[in-house]
Protein chains: 2
Amino acid sequence: MDETNATRCQKYAADIESIKEAQVRIEPFIHRTPVLSSTTLDSLVGKQLFFKCECFQKGGAFKIRGASNAIFSLDDLEASKGVVTHSSGNHAAAVSLAAKLRGIPAYIVIPKNAPKCKVENVKRYGGQVIWSEVTIQSRETVARKVQEDTGAVLIHPFNDGRIISGQGTISLELLEQVPGIDTIIVPISGGGLISGITLAAKAINPSIHILAAEPKGADDAAQSKVAGRIVTLSEANTIADGLRAFLGDKTWPVVRDLVDDVITVSDEEIIKAMQMFYDILKVAVEPSGAIGLAAVLSDQFKQSEAWKDSNKV
Amino acid sequence: MDETNATRCQKYAADIESIKEAQVRIEPFIHRTPVLSSTTLDSLVGKQLFFKCECFQKGGAFKIRGASNAIFSLDDLEASKGVVTHSSGNHAAAVSLAAKLRGIPAYIVIPKNAPKCKVENVKRYGGQVIWSEVTIQSRETVARKVQEDTGAVLIHPFNDGRIISGQGTISLELLEQVPGIDTIIVPISGGGLISGITLAAKAINPSIHILAAEPKGADDAAQSKVAGRIVTLSEANTIADGLRAFLGDKTWPVVRDLVDDVITVSDEEIIKAMQMFYDILKVAVEPSGAIGLAAVLSDQFKQSEAWKDSNKV
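What counts and what doesn't
Residues numbered from 1 in each chain as written. Chains lettered and ligands numbered in written order. Predicted model: local features only at pLDDT ≥ 70, side-chain atom pairs only at ≥ 80, totals over all residues. Heavy atoms only, no water. UniProt positions renumbered as here; feature names shortened; annotations may be inferred. Buried < 20%, exposed > 50% of the residue type's maximum accessible area, 1.4 Å probe, protein only. Helix = DSSP H or I, 4+ residues; strand = E, 2+ residues; numbered from the N terminus. Pairing = 2+ DSSP bridges. Contact = heavy atoms within 4.5 Å. Axes fitted to C-alpha atoms, helices over the stretch in contact; angles between N-to-C directions. Buried area = accessible area lost by both parts, 1.4 Å probe. Salt bridge = Lys/Arg side-chain N within 4 Å of Asp/Glu carboxyl O. Polar contact = N/O pair within 3.5 Å; in protein donor to acceptor, adjacent residues only side chain to side chain. Nonpolar A, V, L, I, M, F, W, Y, C, P; charged D, E, K, R; others polar. Domains from an automatic or database assignment. Right-handed = clockwise from strand over helix to strand, strands pointing away.

If you look chain A up in an unreviewed UniProt entry, it shows as Serine racemase from Rhynchospora breviuscula. The record in UniProt for chain A states the following under Sequence similarities (unreviewed entry): "Belongs to the serine/threonine dehydratase family." Chain A has a UniProt comment under Function (unreviewed entry) that states "Catalyzes the synthesis of D-serine from L-serine. Has dehydratase activity towards both L-serine and D-serine."

Enquirer: Any chance you could explain helix 14 (residues 287-296) of chain A here in plain terms?
Expert: Along an α-helix, a turn takes 3.6 residues, which lines up residues three or four apart on a common side. The buried count for helix 14 of chain A comes to 9 of 10 residues, which makes it a mostly enclosed element. All of the buried residues along helix 14 of chain A are Pro287, Ser288, Ala290, Ile291, Gly292, Leu293, Ala294, Ala295 and Val296 of chain A.

Enquirer: I would appreciate a short explanation of the sheet that holds strand 3 (residues 83-85) of chain B in the present structure.
Expert: Within a beta sheet, neighbouring strands are joined by backbone hydrogen bonds and run either parallel or antiparallel to one another. All names here are of chain B. The 4 strands lie next to each other as 5-4-3-6, forming an open sheet whose pairing is parallel. The open sheet has two free edges, formed respectively by strand 5 (128-132) and strand 6 (153-154), since each of these has just one partner strand. In terms of strand pairing, strand 3 meets strand 4 (residues 106-111) through 3 bridges, oriented parallel. Within strand 4, the position partnered with Val83 by the bridge is Ala106.

Enquirer: Explain the sheet that holds strand 6 (residues 153-154) of chain A to me, please; I cannot follow it from the model alone.
Expert: All names here are of chain A. Taking strand neighbours across the sheet as the criterion, the 4 strands line up as 5-4-3-6 in an open arrangement whose pairing is parallel. Since the sheet does not close on itself, it has two edges, and those belong to strand 5 (128-132) and strand 6, each with one partner. The pairing of strand 3 (residues 83-85) with strand 6 spans 2 bridges and is parallel. Its bridge partner being in strand 6, Val84 is matched across the sheet by Leu154. Those strands touched by helix 6 (residues 90-102) are strand 3 and strand 4 (106-111), and its axis lies near 165 degrees from that of strand 4. Each of strand 4 and strand 5 touches helix 7 (residues 116-124); the most contacted strand, strand 5, lies at about 145 degrees to it.

Enquirer: I would appreciate a short explanation of the interface of chain B and chain A in the present structure.
Expert: Buried accessible area, meaning the area lost when the parts come together, often serves as the stated size of an interface. Listed per partner, the contact involves 17 residues of chain B and 17 residues of chain A. Of the roughly 1300 Å² buried where chain B meets chain A, counting both sides, 61% is carbon and sulfur surface. If you sort the residues of chain B by the area they bury against chain A, Phe56, Lys282 and Ala284 of chain B come out on top, with a joint share of 38%. Where chain B packs against chain A, one counts 0 salt bridges. Here chain B and chain A share 2 residue pairs in polar contact (both at pLDDT 80 or more) between them. Secondary-structure elements contributing two or more residues to the side of chain B that touches chain A are helix 3 (39-45) and helix 13 (267-281) of chain B. In terms of residue class, the side of chain B that touches chain A is built from 9 nonpolar, 5 polar and 3 charged.

Enquirer: For this particular structure, what's the right way to read the pattern of salt bridges?
Expert: Where charged atoms from two side chains of opposite charge approach closely, those side chains can pair. Scanning the model with the defined rule gives 25 salt bridges over all chains in all. We note a salt bridge from Asp260 of chain A to Lys202 of chain A, for which the minimum N-O separation is 3.1 Å. Of this pair, Asp260 of chain A sits in the loop between helix 12 (252-258) and strand 9 (261-265) while Lys202 of chain A is found in helix 10 (residues 192-204), placing the two residues 58 residues apart along the sequence. We classify Lys202 of chain A as buried; its relative accessible area is 16%. Ionic pairing is found between Asp76 of chain B and Arg102 of chain B, a salt bridge with its closest N-O pair at 2.7 Å. Taken as a pair, Asp76 of chain B in helix 5 (residues 76-80) and Arg102 of chain B in helix 6 (residues 90-102) lie far apart in primary sequence, 26 residues in all.

Enquirer: Looking at this structure, I do not really get the domain arrangement of chain A. What am I missing?
Expert: All names here are of chain A. Under the domain assignment, chain A is made up of domain 1 (7-57 + 160-308) and domain 2 (82-151). Look at where the C-alpha atoms of domain 1 and domain 2 centre, and you get two points 25 Å apart. Taken together, the contact between domain 1 and domain 2 spans 4 residues of the former and 4 residues of the latter. In total, about 270 Å² of surface goes out of reach between domain 1 and domain 2, with carbon and sulfur atoms giving 54% of it. Summed over the three residues of domain 1 that lose the most area to domain 2, namely Phe29, Asp241 and Glu286, the buried surface amounts to 83% of that side. Linking domain 1 with domain 2 are 1 salt bridge. The shortest N-O distance in the salt bridge between Asp241 and Lys118 comes to 3.8 Å. Counting across the domain 1 and domain 2 interface gives 1 residue pair in polar contact (both at pLDDT 80 or more).

Enquirer: Help me understand the pairing of strand 7 (residues 183-187) of chain A, please; the structure alone is not making it clear to me.
Expert: Looking along a regular strand, one sees side chains alternate from face to face of the sheet. Residue and element names in this part refer to chain A. Both strand 7 and strand 8 (residues 209-215) contribute to a ladder of 5 bridges, which runs parallel. Looking at the pairing, Ile185 lines up with Leu211 of strand 8. Handedness of the crossover joining strand 7 and strand 8 through helix 10: right-handed.

Encoded structure:
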């Protein structure tokens, strides 16, 4: 590793090299998802839009990229005891699926109030469901207990270099599929997705604008950018159930240094974007995935540097 | 043209050569649509399934393939007077869009009871709407009057070699995207889509099974295959509004000779397939597009030669 790389790796939890390694590692287990476009949507917005459809990814979300990179990075001894996580969402299903592909147990701590469909996804992919109370404290305590009892490795949903590297493979695909792209808009929650996408995209083309899209009811990233430090909220209140987490110490530095801006949108704007995806693009997108289009349609985007720098249709 | 080709062209309205020519002609105007797959659906059925998503095609359906091939096949003098059609569905929008791309007028005869969203699509793509009564006689009379008044060329929705050749380009893409495919299931209405797909696919690999999927309430193709001649029905009664047409003299020979079987399904089975597309594949598919999955799930498919010949998951 040369000095530049060493410096970069000290600064951030992943880099273009770890992301390229992830791409090779996870290639057998994931879909290369399609990029859709619509002249109708382009006309409405006045910009050429491309949608990287990770809703068609294995397990139904991008999460399998990070989960399979983390799980297939483990050596055989580590892996033999299995893995544990305490996400109730798409990450839980992805960890279950990746563990199944590796042939090791996955222990998934799920709060009692989790949506039934998410629990069914975990079970379908062979994850062992372990119930906890609703609080984050209870979830973490139960997960720790599982670790102690089984020796399983914790696979954090976002605050982990292997997860960030896995999610970053999206940029490698996207910039191959649409070479001239000038702006990437990414949903932000814990920041694993946007950190990986940003580190890969800016390494390939430093002039690409990266905008985060965040619900107004869970705008910790927007507040953190203003404050210059990680801000957490006493509660997150949004329809976008995948975007309620707060930034971690591995994702915050990337968001702080390399993400150009955070666009916040209301739940009403998210619902309108979901409707447009369904009516015009014919894709059923969950709220957390539809937020990017909501951001594109917002006034805040129209006032951004990215808007000025990008070509009209 | 050698003797074999001459014989083939006399027999059918299109062939692999006219389909390859169409592919080159329409390439600037269409999307290469993605093929989606789902291990969940594969497990449910016990076969590996691939979905060629023409719902993501320009104009929202495969119809732009045939329409753009027909319209860009016209010489400048023919084209200058514009084109006319009397479909109220996806073909009408496709003709409007293709005519707009060529810069010529499109006259679209639409029955008074057409769904508003279909009329809006036509208008959005610049088609000139001309109202007719609901009967097919009225539609044809009005279309003929437009032809006389304007000199516009009639672009039939399916009973036309240029249309069949355009739709056939789907097979060229699909067999590149999924080389080992052993069975193709295609919705059948007037037969333009399945004729093109069949002529291309069987020219490339004669052992591929081609099955038509047809609503029980509009099963003229199934009845035609049994009778050995074109059967038309006094009425078509199905939720699949794109599958209510009857075979024409240019499509029937292909269906008679080269389509292996017709699988008929109820509207309830179509609705169930739409739901599965939405829940599992995350795609909003109209009834006429969902019928292929309904056919795959049917007992009739499990009793077919195609089922026996295809590999299990």
